[in-house]
Amino acid sequence: MKEIQILDKCFVPYLKEEEILKAIDAVADRMNSDFKGCDDVPVLLCVLNGAVMFTAELMKRLDFPFEFASLKIRSYEGTHSTGTVNLVNGFNGDVKGRRVIICEDIVDTGASMEFLLDYLEHAGATDIKVCTMLLKPDVFRKNFKIDYVAKSIPNDFILGFGLDYNELGRGLKDIYVIKQ
Ligand code: IMP
Ligand code: MG
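Let us look at the structure shown here. Just so it is clear, the structure is predicted and the values come from calculations on it, not from any experiment.

### Describing helix α1 (residues 17-35)
Between its first and last C-alpha atoms α1 spans 26 Å; for 19 residues at 1.5 Å apiece the expected length is 27 Å, and the two agree. Within α1 the residues assigned to the buried category are I20, L21, A23, I24, V27, A28, M31, N32 and F35. On its buried face, α1 is in contact with β2 (9-15), α2 (52-60), β6 (99-107), β7 (127-135), β8 (148-152) and β10 (175-178). Immediately downstream of α1, the backbone of G37 shows phi near 75 degrees, a positive value.

Below is the structure:
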């Protein structure tokens, strides 16, 4: 792993794939024990685009029945949140009367997740669990509960493993952090 240049920014290695996968193993173990023997079929909701790789890895490890669904939101421009969350593509399933597990790549300010929780409550979900690969605790200021976190990280802009800088870098298997 070495430095990479994406558009005008330079990124340095931060988390190796093996470390990320180990953290996902631990989240999957906890989720499996929480959902063990459940008699409903919860909806596993992938928040596109960023959570695509995380959700794919997580669902390989789940041993209870679930239904996969996705929706697409957008709040980031470049390396900063715009503060407004837009629904780009609506939800492709039905959550009325269902339990939902939201799978996110990263919770930063929490604005995107707050928007999703509101959206899913209005859509009639009965119980909503929040699962995120990464959390930036220094920036998070909301008061909803985050049920599953694979890893907490400092407040630096990162990319790879699904996360992008202006739509680039999502396919990198390791995570990189912006060079200061
Ligand atoms: P929030 O609404 O501020 O919590 O931001 C959440 C969304 O912003 C995530 O779903 C990501 O798509 C994006 N995001 C937040 N931090 C980063 C980062 O460091 N790199 C890339 N995308 C990020
Ligand atoms: Mg995201």
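### A few points about the side chain of T132
Counting through the fold element by element, T132 comes out in strand β7. The exposure class assigned to T132 is buried, which follows from its relative accessible area of 0%. Sequence-distant contacts of T132, defined by excluding residues within four places in its chain, comprise F54, E104, D105, I106, V107, I146, Y148, V149 and A150.

### Quick look at the environment of I106
Tracing the sequence through the fold places I106 in strand β6. On the basis of relative accessibility, which here comes to 15%, the residue I106 falls in the buried class. The spacing of I106 and E3 is 103 residues in sequence and 22 Å in space, taken between C-alpha atoms. Once residues within four sequence positions are removed from consideration, I106 is found in contact with T132, L134, K136, I153, I158 and L163.

### Quick look at the site of ligand 1
Ligand 1 sits among 17 residues. The nearest are T109, G110, S112, K136 and I158. Within the contact set of ligand 1, a nitrogen atom lies 3.3 Å away from a side-chain nitrogen or oxygen of Y76. A distance of 2.8 Å separates an oxygen atom of ligand 1 from a polar backbone atom of G110. The fraction of the free accessible surface of ligand 1 (480 Å²) that becomes covered by protein chains is 93%. Counting only elements with at least two residues in the shell around ligand 1, the list comes to β4 (67-77), β6 and α3 (111-122).

### Some words on the sheet that holds β4
Two pairing modes exist for strands in a sheet, parallel and antiparallel, and in both the strands are linked by backbone hydrogen bonds. Taking strand neighbours across the sheet as the criterion, the six strands line up as β5-β4-β3-β6-β7-β8 in an open arrangement whose pairing is mixed. The outermost strands of the open sheet, each flanked by one partner alone, are β5 (80-89) and β8. When the angles between neighbouring strand axes are averaged without regard to direction, this sheet yields 25 degrees. As defined by bridge partners, β6 adjoins β7 across eight bridges and the pair is classed as parallel. Bridged to I101 within β7 is K129.

### Side note on the pattern of salt bridges
Counted under the stated rule, the structure contains 17 salt bridges. Connected through shared salt-bridge partners, D25, E57, K60 and R61 make up one network.

How each quantity is defined
- Residues numbered from 1 in each chain as written.
- Chains lettered and ligands numbered in written order.
- Predicted model: local features only at pLDDT ≥ 70, side-chain atom pairs only at ≥ 80, totals over all residues.
- Heavy atoms only, no water.
- Helix = DSSP H or I, 4+ residues; strand = E, 2+ residues; numbered from the N terminus.
- Expected span 1.5 Å × (residues − 1).
- Buried < 20%, exposed > 50% of the residue type's maximum accessible area, 1.4 Å probe, protein only.
- Contact = heavy atoms within 4.5 Å.
- Near = heavy atom within 4 Å.
- Polar contact = N/O pair within 3.5 Å; in protein donor to acceptor, adjacent residues only side chain to side chain.
- Areas by Shrake-Rupley, 256 points an atom, 1.4 Å probe, with all protein chains shown as cover.
- Pairing = 2+ DSSP bridges.
- Axes fitted to C-alpha atoms, helices over the stretch in contact; angles between N-to-C directions.
- Salt bridge = Lys/Arg side-chain N within 4 Å of Asp/Glu carboxyl O.

Keep in mind these values describe shape, not function.
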